[in-house]
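Structural characterization, general
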Amino acid sequence: AKKSRRGSFVFFSAEMGSDIRERVRLLQSLRSAVESERLFIVYQPQVDLVSGAVTGMEALIRWRNEDGTFVPPDRFIPLAEASGMIVAIGDWVLRMACHELVRLQGMGLGEVRMSVNVSQIQFRHPEFLEKLNSALLDTRISPSCLELEITESVAMEDAEFMLETLHGVRQLGISIAIDDFGTGYSSLSQLRQLPIDRLKIDRAFVSELGGDVLGGHIASMVIELGRNLQLKVIAEGIETPEQAARLKDLGCHEGQGYFYAKPMTSSLLKEWLLARGA
Ligand code: C2E
Ligand code: CA
Ligand code: CA
Ligand code: CA
């Protein structure tokens, strides 16, 4: 802190000031990106590790600037959360993803699942369940085809309130996956109380699964944990055939990653699915 001319303290350095300016600028351009519809959604397939069949897909948001450059979600989601904009953005993603699922099922795709990421700010919003229900009613998707991905830390915090909301989601017929699993500190006893369907092994633990037998302790622990709690397990960030094979051998049910497909726009996804004969 340095002393300002009037004697009061200014608690930020020039460096922090420029960081704040940068965030304000990014927030302003996020607002205008929302207004001018420069946000869109890409979809990444999820496959059954044994049969290779497509079981579902994850909706991932993208922001493309006028100059064609992309702002990664890891940069703007935290900002959207801090400003509360995530509530509207998240609702939009949910609806778009539901519409996409209706279109895909119209192609004769059958029982595929759409996974949608839900931020904790969204999840804690008092109208979350209402919004969820109205998205179901408006798009008429079958709730059993919708899955919400929430992070481990969200599921563990504030047990009472979270439990209520999680049960509400389940009552709508929607399933729940714990995203980035293994990065938090949930205990077995906490986990078994949660009304959830799936654990999603974080990419960090999948990337440890190399050729050698030593890596991948956490991945195999999560799979074992899933087996004991009768939860499905999906691994994200699978990049190599070796990783896919190891995960399959360990008993992991599903996988997602560049090895199968990158996240794709709606039209590319359709081509990809048709080419696969899905
Ligand atoms: P996440 O939910 O853990 O999503 C997985 C991320 O890994 C995605 O990054 C995906 O594109 C990337 N990925 C998939 N396969 C591979 C692979 O084989 N290798 C590598 N290196 N990466 C892979 P993305 O799309 O940049 O999203 C980053 C994070 O932003 C997401 O992490 C999620 O936390 C958040 N996010 C994205 N879309 C939304 C959204 O609609 N709502 C909310 N609340 N968060 C979102
Ligand atoms: Ca996710
Ligand atoms: Ca992750
Ligand atoms: Ca994440």
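Residues numbered from 1 in each chain as written. Chains lettered and ligands numbered in written order. Predicted model: local features only at pLDDT ≥ 70, side-chain atom pairs only at ≥ 80, totals over all residues. Heavy atoms only, no water.

- Going by the annotation in an unreviewed UniProt entry, the name recorded for the protein chain is GGDEF domain-containing response regulator, with Rhodoferax mekongensis given as the source organism.

What to know about the coordination of the calcium ion (ligand 3)
- Distances from the calcium ion (ligand 3) to its protein donors, Asp180 (OD), Asp202 (OD) and Glu236 (OE), fall at 2.0 to 2.7 Å.
- Sequence spacing of the donor residues for the calcium ion (ligand 3), all on one chain, is D-x21-D-x33-E.
- In this model, the calcium ion (ligand 3) sits 5.7 Å from the calcium ion (ligand 2). Of this pair, Asp180 sits in strand 8 (residues 175-181) while Glu236 is found in the loop between strand 10 (232-235) and helix 11 (241-250), placing the two residues 56 residues apart along the sequence.
- Residue Asp180 is classed as partly exposed on the basis of its relative accessible area, which comes to 24%. (Donors = N, O, S within 2.8 Å, 3.2 Å for Na, K, Ca; no water. Helix = DSSP H or I, 4+ residues; strand = E, 2+ residues; numbered from the N terminus. Buried < 20%, exposed > 50% of the residue type's maximum accessible area, 1.4 Å probe, protein only.)

Remarks on the environment of Leu269
- With respect to the element layout, Leu269 can be found in helix 12 (residues 266-275).
- For the pair Leu269 and Ser83, spaced 186 residues apart in sequence, the C-alpha separation works out to 32 Å.

Concerning the packing of helix 5 (residues 128-139) against helix 7 (residues 159-171)
- Remark: helix 5 packs on helix 7, axes separated minimally by 10 Å, with the N-to-C direction vectors making an angle of 15 degrees. Between helix 5 and helix 7, the crossing angle belongs to the class labelled roughly parallel. When the axes of helix 5 and helix 7 are compared, the crossing they make is right-handed. Two secondary-structure elements touch here, helix 5 through Phe128, Leu129 and Leu132 and helix 7 through Thr165, Gly168 and Val169.
- Split into classes, the residues belonging to the contact of helix 5 with helix 7 amount to four nonpolar, two polar and no charged. (Axes fitted to C-alpha atoms, helices over the stretch in contact; angles between N-to-C directions. Parallel < 35°, antiparallel > 145°, perpendicular 65-115°, else oblique. Left-handed = near helix turned anticlockwise from the far one by under 90°. Contact = heavy atoms within 4.5 Å. Nonpolar A, V, L, I, M, F, W, Y, C, P; charged D, E, K, R; others polar.)

A few points about helix 2 (residues 73-83)
- Of the positions making up helix 2, those classed as buried are Phe76, Leu79 and Ala80. Projected down its long axis, helix 2 shows its buried positions confined to an angular sector of 100 degrees, all on one face. Turned more than 90 degrees away from the buried face of helix 2, the exposed residues are Asp74 and Ala82.
- Looking at the residues trailing helix 2, positive phi occurs at Gly84, about 85 degrees. (Arc of directions from axis to C-beta.)

Focus: the nonpolar core
- Grouped together as the largest cluster of nonpolar side chains are 79 residues, with contacts concentrated most on Met114, Phe123, Leu146, Leu148, Leu191, Ile201 and Leu247.
- Here this core gets nine residues from one element, more than from any other, and that element is helix 3 (residues 86-106).
- In this structure Leu148 touches Leu94, Val116, Val118, Phe128, Leu132, Val169, Ile174, Ser175, Ile176 and Ala177, once residues within four positions along its chain are discounted. (Core = buried A, V, L, I, M, F, W, Y, C linked by side-chain atoms within 4.5 Å.)

Quick look at the packing of aromatic side chains
- Taken as a whole and judged by the stated rule, the model has four aromatic pairs.
- Judged by centre distance (5.3 Å) and plane angle (80 degrees), the ring pair of Trp63 and Phe76 falls under edge-to-face. Separated by 13 residues along the polypeptide, Trp63 in strand 4 (residues 54-64) and Phe76 in helix 2 bring together distant segments of the chain.
- Judged by relative accessible area, Phe76 falls into the buried class, the value being 0%.
- Judged by centre distance (4.9 Å) and plane angle (65 degrees), the ring pair of Phe259 and Tyr260 falls under edge-to-face. (Phe/Tyr/Trp six-rings, centres within 6.5 Å; stacked < 30°, edge-to-face > 60°.)

Structural notes on helix 3
- When the terminal C-alpha atoms of helix 3 are compared, their 30 Å separation across 21 residues agrees well with the 30 Å that a helix rising 1.5 Å per residue should span.
- Listing the buried residues of helix 3 in full gives Ile86, Val87, Ile89, Gly90, Asp91, Val93, Leu94, Ala97, Cys98, Glu100, Leu101 and Leu104.
- Looking at the residues trailing helix 3, positive phi occurs at Gly108, about 90 degrees. (Expected span 1.5 Å × (residues − 1).)

Some thoughts on the pairing of strand 9 (residues 198-201)
- The alternating pattern of strand 9 places Arg198 and Lys200 and Leu199 and Ile201 on opposite faces, both of which are buried.
- Bridge analysis of strand 8 against strand 9 gives three bridges, and the strand direction is parallel. Within the sheet, the bridge partner assigned to Ala177 lies in strand 9 and is Arg198.
- Bridge analysis of strand 9 against strand 10 gives four bridges, and the strand direction is parallel. Residue pairing across strands places Leu199 opposite Val233, the latter belonging to strand 10. (Pairing = 2+ DSSP bridges.)

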